[in-house]
Each structure stands twice: as structure tokens, then as C-alpha cells.
Amino acid sequence: MNKEVIYYPEEIADAVERFETPFFLYSEARIRDNCRRFRDAFRKCFPDFEALYAVKANNNPTVVKIIMEEEFGLDCSSRTEAWLCKKLGGSGMYTANYTPADELAYARDCGLVLNLDDVSNLEGLEVPEVL
């Protein structure tokens, strides 16, 4: 279902007058609607589906908080993103490539599930022995 994009020329013109340019202008209603449509599309077939938002797409804390309120977890790929997730009380996954052990440990300590790209990432992490 394609929704027509709605523009608000008066509000945009007002923002240009009030703020220095360039700036970002977000629609909270549109962000929430997009999150709900995405999440609910998957939950129709997979009731336990948990969506993750890639923080690297936009790490604006206000935007991230809105997305978290729509039942999204966070997919973090840097120490800064893991810190933001912890600061906002989020949960989710840490996915990065060629990550130093101390950064993986930090992400784990932030409560994130580690998505490791190589078995060598286990070195330096305290992991339980698998039976």
C-alpha cells in the first residue's frame, strides 16, 4: 500500500525562517507510521518478530527514542552506537566487522547480543564452554 507523501509547505517555510540552514526536519507521525507498518507487516506472519533499527542510518537520539517507543530494538555497529543504546535504555544487537575485543566486551556490557563475523572474535571474550 503506497501512501502519498504529504508536504507541509507553510511549516517548511516557517522552519527555514526560524532556523539556520541546512537543517533536518522530521515528522514524528511519519516515523511512527513507517515503523508500525514495517513491524506489523512481519508480525502478520511471524508473531514474535522483533525489528531492529540500524542506528548508523540516523543516530539522532530523539529519532532513536521514537523508534524504540514503536517496539524496535537497535542494531549497533560502533562503540558510540552501543553507548547511545545503553544511555537510552535500549536493547538489541551489536554487529560490526574486524572489531577489537575491548569493543566487543563493551557492547556485551551494554547488554547487546553480539553478532560475530568470525570465530576469532571469541578470543578475549569470556564465553561459556559449549557442551
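For the structure, check the block above.
Everything in this summary refers to the structure shown in the same document. (Residues numbered from 1 in each chain as written. Predicted model: local features only at pLDDT ≥ 70, side-chain atom pairs only at ≥ 80, totals over all residues. Heavy atoms only, no water.)

Core analysis: the largest hydrophobic core is formed by 25 residues, its most contacted members being Tyr53, Ile67, Leu74, Cys76, Tyr94 and Leu112. Of all the secondary structure elements, the ones that give two or more residues to this core are α2 (28-43), α3 (61-69), β2 (73-76), α4 (79-87) and α5 (101-109). For this core, the leading source of residues is α3, giving five residues. (Core = buried A, V, L, I, M, F, W, Y, C linked by side-chain atoms within 4.5 Å. Buried < 20%, exposed > 50% of the residue type's maximum accessible area, 1.4 Å probe, protein only. Helix = DSSP H or I, 4+ residues; strand = E, 2+ residues; numbered from the N terminus.)

Our focus in this paragraph is the sheet that holds strand β4 (residues 113-115). Reading across from one edge, β1-β2-β3-β4 is the order of the four strands in this open sheet, with parallel pairing throughout. Taken across any chain shown, the strands that pair with only one partner, and hence form the sheet edges, are β1 (52-54) and β4. Each strand axis lies, on average, 25 degrees off the axis of its neighbour in the sheet, ignoring direction. The pairing of strand β3 (residues 92-95) with β4 spans three bridges and is classified as parallel. Residue pairing for β4: threonine 95 is matched across the bridge by asparagine 115. (Pairing = 2+ DSSP bridges. Axes fitted to C-alpha atoms, helices over the stretch in contact; angles between N-to-C directions.)

For the rest of this paragraph, the subject is the pairing of β2. Here three bridges tie β1 to β2, and the two strands are oriented parallel to one another. Counterpart to tyrosine 53 in the pairing with β2 is leucine 74. Following the chain from β1 across α3 to the adjacent parallel β2, one finds a crossover that is right-handed. Strand direction decides the pairing type here: β2 and β3, joined by three bridges, are parallel. Looking at the pairing, leucine 74 lines up with glycine 92 of β3. Handedness of the crossover joining β2 and β3 through α4: right-handed. (Right-handed = clockwise from strand over helix to strand, strands pointing away.)

Our focus in this paragraph is the pattern of salt bridges. Here the structure, examined in full by the defined rule, presents 11 salt bridges. In this structure, the salt-bridge partner of arginine 18 is aspartate 14, at a minimum N-O distance of 3.6 Å. Separated by four residues within a single helix, arginine 18 and aspartate 14 lie in helix α1 (residues 9-18), roughly one turn from each other. Beyond isolated ion pairs, a larger network of salt bridges with shared partners links Glu28, Arg32, Arg36, Arg39, Asp40, Glu69 and Glu70. (Salt bridge = Lys/Arg side-chain N within 4 Å of Asp/Glu carboxyl O.)

What follows deals with a nonpolar patch on the surface. A cluster of nonpolar residues, Ile12, Val16 and Leu25, forms a patch on the protein surface that exposes about 250 Å² of accessible area. In this fold, valine 16 is placed in helix α1. Looking at valine 16, the relative accessible area reads 42%, which means it is partly exposed. (Patch = residues over 30% accessible without salt bridge, like charges linked within 9 Å, V, L, I, M, F, W, Y side chains within 5 Å. Areas by Shrake-Rupley, 256 points an atom, 1.4 Å probe, with all protein chains shown as cover.)

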